[in-house]
Amino acid sequence: HHSFITPSFKLSYYNEYKSYLRMDAKSISQLRVFVGALKADPSLLHNPDISFFKEYLESLGATIPPPPAKEEPEPAQPEPAQPKPEAAQPEPEPMEESSEEEDEVVELDNTGVIDEVDELLDISMGDEGKQPSDEDMEKSSELRGSAMCAMSEGNAEEALKLFTEAIELNPHAAALFAKRAQYFVRVKKPANAIRDADKALSLNPDNSLAHKSRGKALRLQGKWEESMLALSAGQKIDYDDDTQELLNTIVKPNAEKLRQARLKRESKQREKDHKAKLERVRRAKEEQQKAYEAQKARDKAEREMGGGMPGGMSGGMPGGMGGIFDDPEIATLLQDPEVVQAMAAIQQNPAAMMQYMNNPKVMKIVQKLQGKFGGGMPGGMGGMGGMPGGMGGMPGSTPGGMAGSPPSTNNTNNNPPPQPPRFSSCDDVD
């Protein structure tokens, strides 16, 4: 059954296989690049994608270099701390003369003021949703009487217990909270007294005992102005001599001292704010005046530079010369009255420039203007056509000549042509 595999068949099959394996020029070039890469870095053979090629080389007896050891990353070195740039310190404001007076301590009579701060006790404030029955209200009234007896006998714990039980039976009775507030004042617990007094006033704003208990508790805390208001409110509802004596001897004098000190501070602050506002307005006006004077000087210089020029140019700056004031240095120089006067003199009589040759400010602006207009003064400066560099000729040349025109060749007197001004200092060259 293998009779069809003849020698001629084998030769034909071998030729077809060779033609299949034949590589084009592009493939050969790519293979050459690949081999070159392997020569440069044999570790590429350990790439899993070409493991088949590595196995083929090993089957031919080739020695494959071992894979390179993995380099462990070095621990990152902490960067040295950069010194923080020092923040720009604001300029200190001038000390106010009244600084010592503002820090003036008010002398008060702190008799009876307690230093320690009392904490709010965890006691019942009653159930606001409870609707007491007649029996509850009667029992609550009995407990209140018992609590007052205990308080008068000096049994503080029993009095607090009985007042609280009465409140739980009738949580809508302002008098019960006012009485317990009075109890807390006697045992010097002002924070608890103020809480009970506020609750009583929420139930009945006209409860005088609640106002007075609250005022006495605020006095224990040294809050004199608030204490005076609360005690005075209680006195309006139900006057008593003891409360009035407390008001007149201690509370009102201290409250008045504090009120006067506060008004004094507020007045000084208003005065300080007013002075600061006036100073801001003054500085703003000063800056506006400076800007106005600078603009006025520039306008005057521009008018003097543009006025009275030969050739009918009295109406303004010739030949784009108005743009010279965009140069801040020229604008600054033209604010100098000496420079303005010199430039005006040169425009009226170009020969006058010779007397300013040693004036660095005048020469500076002349050189600036020459640089601005390509070596010549704009518009020829009116009839100065004989001087090189655009400065024009001496008087007698043709007015309005072109800037930078060469000297006339018709020199009948064989006199040397006038030379341009020389500037010995390189500091004036831009």
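First, a word on what this report is: a plain description of the structure on this page.

The rules behind the values
- Residues numbered from 1 in each chain as written.
- Predicted model: local features only at pLDDT ≥ 70, side-chain atom pairs only at ≥ 80, totals over all residues.
- Heavy atoms only, no water.
- Helix = DSSP H or I, 4+ residues; strand = E, 2+ residues; numbered from the N terminus.
- Buried < 20%, exposed > 50% of the residue type's maximum accessible area, 1.4 Å probe, protein only.
- Contact = heavy atoms within 4.5 Å.
- Axes fitted to C-alpha atoms, helices over the stretch in contact; angles between N-to-C directions.
- Parallel < 35°, antiparallel > 145°, perpendicular 65-115°, else oblique.
- Left-handed = near helix turned anticlockwise from the far one by under 90°.
- Nonpolar A, V, L, I, M, F, W, Y, C, P; charged D, E, K, R; others polar.
- Salt bridge = Lys/Arg side-chain N within 4 Å of Asp/Glu carboxyl O.
- Expected span 1.5 Å × (residues − 1).
- Arc of directions from axis to C-beta.
- Core = buried A, V, L, I, M, F, W, Y, C linked by side-chain atoms within 4.5 Å.

We now examine the overall build of the chain. The secondary structure content of the chain amounts to 14 helices and zero strands. Along its sequence from the N terminus, the chain presents helices and strands in the succession α-α-α-α-α-α-α-α-α-α-α-α-α-α. Residues classed as buried in the chain amount to 30% of the 430 residues present. Partitioning the intrachain contacts of the chain with sequence separation of at least 6 by distance along the chain shows that 54% fall at a separation of at least 24.

So, about the packing of helix α5 (residues 134-152) against helix α6 (residues 156-169). Put simply, α5 and α6 touch, their axes get as near as 8 Å, and they point 165° apart. In terms of axis orientation, α5 runs roughly antiparallel to α6. The chirality of how α5 crosses α6 is left-handed. Residues Asp136, Lys139, Ser140, Leu143, Arg144, Ser146, Ala147, Met148, Ala150 and Met151 of α5 form the contact with α6, whose own contacting residues are Glu158, Ala159, Leu162, Phe163, Glu165, Ala166 and Leu169. In terms of residue class, the contact of α5 with α6 is built from 10 nonpolar, two polar and five charged.

Attention shifts here to the pattern of salt bridges. Evaluated as defined, the whole model comprises 16 salt bridges. With a shortest N-O distance of 2.4 Å, Lys212 and Asp240 are connected by a salt bridge. Remark: Asp240 occurs in the loop between α10 (224-237) and α11 (241-306) and Lys212 occurs in helix α9 (residues 208-220); sequence separation between them is 28 residues. Accessibility expressed as a relative area gives 8% for Lys212, which makes it buried. With its nearest N and O atoms 3.1 Å apart, the salt bridge here joins Arg282 to Glu286. Here Arg282 and its partner Glu286 are both found in helix α11, four residues apart, which amounts to about one turn of the helix. Note on Arg282: relative accessible area 40%, which makes it partly exposed. Look at the salt bridges and you will find they share partners, linking Glu279, Arg282, Arg283, Glu286 and Lys290 into a network.

A few words on helix α7 (residues 174-186). Every α-helix winds through 3.6 residues per turn, so residues three or four apart in the chain are directed the same way. The end-to-end C-alpha separation of α7 is 19 Å, in line with the 18 Å expected for 13 residues at 1.5 Å each. Burial runs high along α7: 11 of the 13 residues are buried. Turning to α7, its buried residues number three or more, namely Ala174, Leu176, Phe177, Ala178, Lys179, Arg180, Ala181, Gln182, Tyr183, Phe184 and Val185.

Below, the discussion takes up α5. Between its terminal C-alpha atoms α5 stretches 28 Å, which fits the 27 Å expected from 19 residues at 1.5 Å a residue. Along α5, the residues that are buried comprise Asp136, Ser140, Leu143, Ala147, Ala150 and Met151. Taken around the axis of α5, the buried residues stretch over an arc of 90°, which confines them to a single face. In α5, the exposed positions angled more than 90 degrees off the buried face are occupied by Asp134, Glu135, Glu138 and Ser152. Residues of α5 that are buried in the fold lie against α6 and α7. At the C-terminal side of α5, Gly154 shows a positive phi close to 90°.

So, about the nonpolar core. With 29 residues, the main nonpolar core has Tyr183, Phe184 and Ala200 as its most contacted residues. Of all elements in the fold, only α5, α6, α7, α8 (190-203) and α9 reach the threshold of two or more residues within this core. In this structure Phe184 touches Leu121, Ile123, Leu160, Lys189, Asn192, Ala193 and Asp196, once residues within four positions along its chain are discounted. Grouped together as the second largest cluster of nonpolar side chains are 16 residues, Val339, Val340, Tyr356 and Val366 included.

All right, on to the side chain of Thr164 then. Structurally, Thr164 is set in helix α6. Sequence-distant contacts of Thr164, defined by excluding residues within four places in its chain, comprise Ser124 and Arg180.

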